Amino acid sequence: MMSTCVALIVAAGRGRRFGEGTPKQYLDIGGRPMLRHALATFAAHVGVNAVRVVIHSDDRELYDIAATGLNLLEPVTGGPTRQESVRLGLESLAGSAYDTVLIHDAARPFVEAGTITRVITALVKSPGALAALPVHDTIKRARAVSDPVTCVASTVERTNLWQAQTPQGFHFSDILAAHRAAAGESLTDDAAVAERAGLLVQLVEGSRENCKITTAADLYRARRRQSEAHAAVRIGSGFDVHAFGSTGTGICLCGIPIPHDRTLVGHSDADVALHALTDALLGAVAAGDIGRFFPDYDPQWRGRESAFFVRHAVSLVHALGGEVMAVDITIFCESPKVGPYRLAMVTRLAEILDIAVERVSLKATTTEGLGFAGRREGIVAHATVTVQISPPVK
Ligand code: MG
């Protein structure tokens, strides 16, 4: 059994020193609330099974905007300090059977998938791991006096000094116990809570991009960087097959019902074209596949209209700063004839994707009677999408 990992994003702080009246984690960076950047990165990461956010009780409406379209666990309310917020977040997950937890601050919106991967990988062997950077600057300790001029007391030996970032990851039961034991103390990060409990915590490479937005100048730099960022184009491809079942009255292709004397077998509405399209969209942002988000053993997706899966994938693309540029779908099918429905299908696809119809291409072919599609045993669909995406999402 693969170990399961939950991400706990801490966003309960009040930080209003930016003068905009809104807590900083909800301020706009590149057209999206700061919190949404990290949420999208964790939600898309193939090593993360679930995401929960710890919010302030006043922020539910702001949270709902930041989380729009993402498939997250219900948020929970934090406490007066960061440490207490994390503890409450962990308590809310007690008994949920996650093996590991990644704790991350919403004020680090530019965390990269690679950093998350390094922390998860370290947890295979270590009880704890955190993203960090070695210190290259010389570090001074100032004199603790109330002089108008700040003076150096000493120079700190920088050998072996690292700057802690988040995510910080732990085996779930260990860190929950450590947080319970440290409740009421004031430790500045979760690694310190783990250290206090005697857990070995591994340092893994963080990144300069993964900086904490603390001051108005940090926010200004983050916004400027977003506006200067050059878009990149990603390509995703998806493939799906569904078998014909017994006799029936029709099938669903690209969201359009087509009369036929047989049905397609599947857990949802078996719309093979929309399943391939969903996989292509997820593929373009390296977010795994349709089964990861909508497993066919989960009864809640039974008979579900497949447009729902496509829309979820589009939400994830948008949350990562992406825009769907073009879609090209090929259906391999001997019967029924797809041609008469092509216009309706393209129109429906454009509607589901919320893009212009001229960006949607749909082709159908037979396989000249060869193979299972040729023998009319099922239908094959292949989809390719291009997504334009802005850095820093990599
Ligand atoms: Mg399918």
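Keep in mind the model is a prediction, meaning the values are calculated, not measured.

Below, the discussion takes up the pattern of salt bridges. Taken as a whole and judged by the stated rule, the model has 16 salt bridges. Between Arg87 and Glu91 there is a salt bridge, and its shortest N-O distance comes to 3.2 Å. Placement of both Arg87 and Glu91 in helix 3 (residues 82–93) is noted, with a separation of four residues, approximately one turn of the helix. Classification of Arg87 as buried rests on a relative accessible area of 17%. A salt bridge links Arg225 to Glu209; the nearest nitrogen and oxygen atoms lie 2.4 Å apart. One end of the pair, Arg225, is in helix 7 (residues 216–228); the other, Glu209, is in the loop between strand 11 (201–205) and helix 7, with 16 residues separating them in the sequence. Given the relative accessible area of 26%, Glu209 is considered partly exposed. One continuous salt-bridge network, built from bridges that share partners, spans Glu84, Arg87, Glu91 and Arg180.

As a further point, take the environment of Ser335. Its place among the elements puts Ser335 in the loop between strand 16 (322–332) and helix 11 (342–353). A residue is classified by how much of its surface remains accessible, and Ser335, at 15% relative accessible area, is buried. Taking the C-alpha atoms as reference, Ser335 lies 6.9 Å from Arg376; in sequence the two are 41 residues apart. Setting aside residues no more than four positions away along its own chain, Ser335 makes contact with Phe244, His260 and Arg376. Here Arg376 takes part through its side chain, which lies 3.3 Å from a polar atom of the side chain of Ser335.

Pairing of strand 16 with strand 17 (residues 360–365), which is carried by six bridges, proceeds in the parallel orientation. Paired with Ile329 across the two strands is Leu362, which belongs to strand 17. With helix 11 bridging strand 16 and its parallel neighbour strand 17, the resulting β-α-β unit is right-handed.

As for its placement among the helices and strands, Leu349 is situated in helix 11. Taking the C-alpha atoms as reference points, Leu349 and Glu305, separated by 44 residues in sequence, lie 13 Å from one another.

Between Thr166 and the following residue, Pro167, the backbone shows a cis peptide bond with an omega angle of 10 degrees. Within the fold, Pro167 resides in strand 10 (residues 162–171). Residue Pro336 is reached from Ser335 by a cis peptide bond, and omega for that bond is 5 degrees. With respect to the secondary-structure elements, Pro336 resides in the loop between strand 16 and helix 11. Here Ala97, not a glycine, exhibits a phi torsion of approximately 70 degrees, which is positive. Secondary-structure assignment places Ala97 in the loop between helix 3 and strand 6 (100–105). Located in the positive-phi region is Ala270, a residue other than glycine, with phi close to 60 degrees. Along the chain, Ala270 falls in the loop between strand 15 (262–264) and helix 8 (272–284).

So, about the sheet that holds strand 4 (residues 50–55). Across the sheet, seven strands lie side by side as 5-4-1-6-10-7-11; this open sheet has mixed pairing. Strands with a single pairing partner mark the edges of an open sheet, and in this sheet they are strand 5 (76–77) and strand 11. The pairing of strand 4 with strand 5 spans two bridges and is classified as parallel. By the bridge assignment for strand 5, Ile55 is matched with Thr77. Its contacts with the sheet put helix 4 (residues 113–122) on strand 1 (5–11), strand 6, strand 7 (128–134), strand 10 and strand 11, and the angle it makes with strand 11 is roughly 150 degrees. Strands strand 6 and strand 10 of the sheet are contacted by helix 5 (residues 172–182), whose axis makes an angle of about 115 degrees with strand 10.

For the rest of this paragraph, the subject is the sheet that holds strand 16. In spatial order, the strands read 15-12-18-16-17; together these five strands make up an open sheet with mixed pairing. Each edge of the sheet is formed by a strand with only one pairing partner; in this case those strands are strand 15 and strand 17. Taking the axes of each pair of neighbouring strands and ignoring which way they run, one obtains an average angle of 20 degrees across the sheet. The sheet strands contacting helix 8 are strand 12 (232–247), strand 15, strand 16 and strand 18 (378–389), and the helix crosses strand 12 at an angle near 155 degrees. Contacts from helix 11 reach strand 16 and strand 17, with the element oriented near 140 degrees to strand 17.

Formed by 84 residues in total, the largest nonpolar core has its most connected members in Leu35, Leu253, Leu277 and Ile331. Among the elements that take part in this core, helix 8 stands out by supplying nine residues, more than any other. Residues from two domains meet in this core; each of domain 1 (5–228) and domain 2 (232–389) gives at least three. Every residue in contact with Leu277, bar those within four places of it in the chain, is listed here: Val310, Val327, Ile329, Leu349, Leu353, Ala383 and Val385. Grouped together as the second largest cluster of nonpolar side chains are 22 residues, Ala12, Val54, Val86 and Leu199 included.

Following the criterion strictly, the structure yields zero disulfides and no others. With no disulfide partner, Cys252 has as its closest neighbouring cysteine sulfur the one in Cys254, 8.8 Å distant.

Octahedral six-donor coordination of a metal ideally yields angles of 90 or 180 degrees, compared with 109.5 degrees for tetrahedral four-donor coordination. Of the protein atoms, only Asp240 (OD), His242 (NE2) and His275 (ND1) coordinate the magnesium ion, at distances of 2.1 to 2.3 Å. Counting the intervening residues between successive donors of the magnesium ion yields the motif D-x1-H-x32-H. The buried category is assigned to Asp240, whose relative accessible area is 18%. Given the relative accessible area of 10%, His242 is considered buried.

What counts, and at which threshold
Residues numbered from 1 in each chain as written. Predicted model: local features only at pLDDT ≥ 70, side-chain atom pairs only at ≥ 80, totals over all residues. Heavy atoms only, no water. Salt bridge = Lys/Arg side-chain N within 4 Å of Asp/Glu carboxyl O. Helix = DSSP H or I, 4+ residues; strand = E, 2+ residues; numbered from the N terminus. Buried < 20%, exposed > 50% of the residue type's maximum accessible area, 1.4 Å probe, protein only. Contact = heavy atoms within 4.5 Å. Polar contact = N/O pair within 3.5 Å; in protein donor to acceptor, adjacent residues only side chain to side chain. Pairing = 2+ DSSP bridges. Right-handed = clockwise from strand over helix to strand, strands pointing away. Axes fitted to C-alpha atoms, helices over the stretch in contact; angles between N-to-C directions. Core = buried A, V, L, I, M, F, W, Y, C linked by side-chain atoms within 4.5 Å. Domains from an automatic or database assignment. Disulfide = S-S within 2.5 Å. Donors = N, O, S within 2.8 Å, 3.2 Å for Na, K, Ca; no water.

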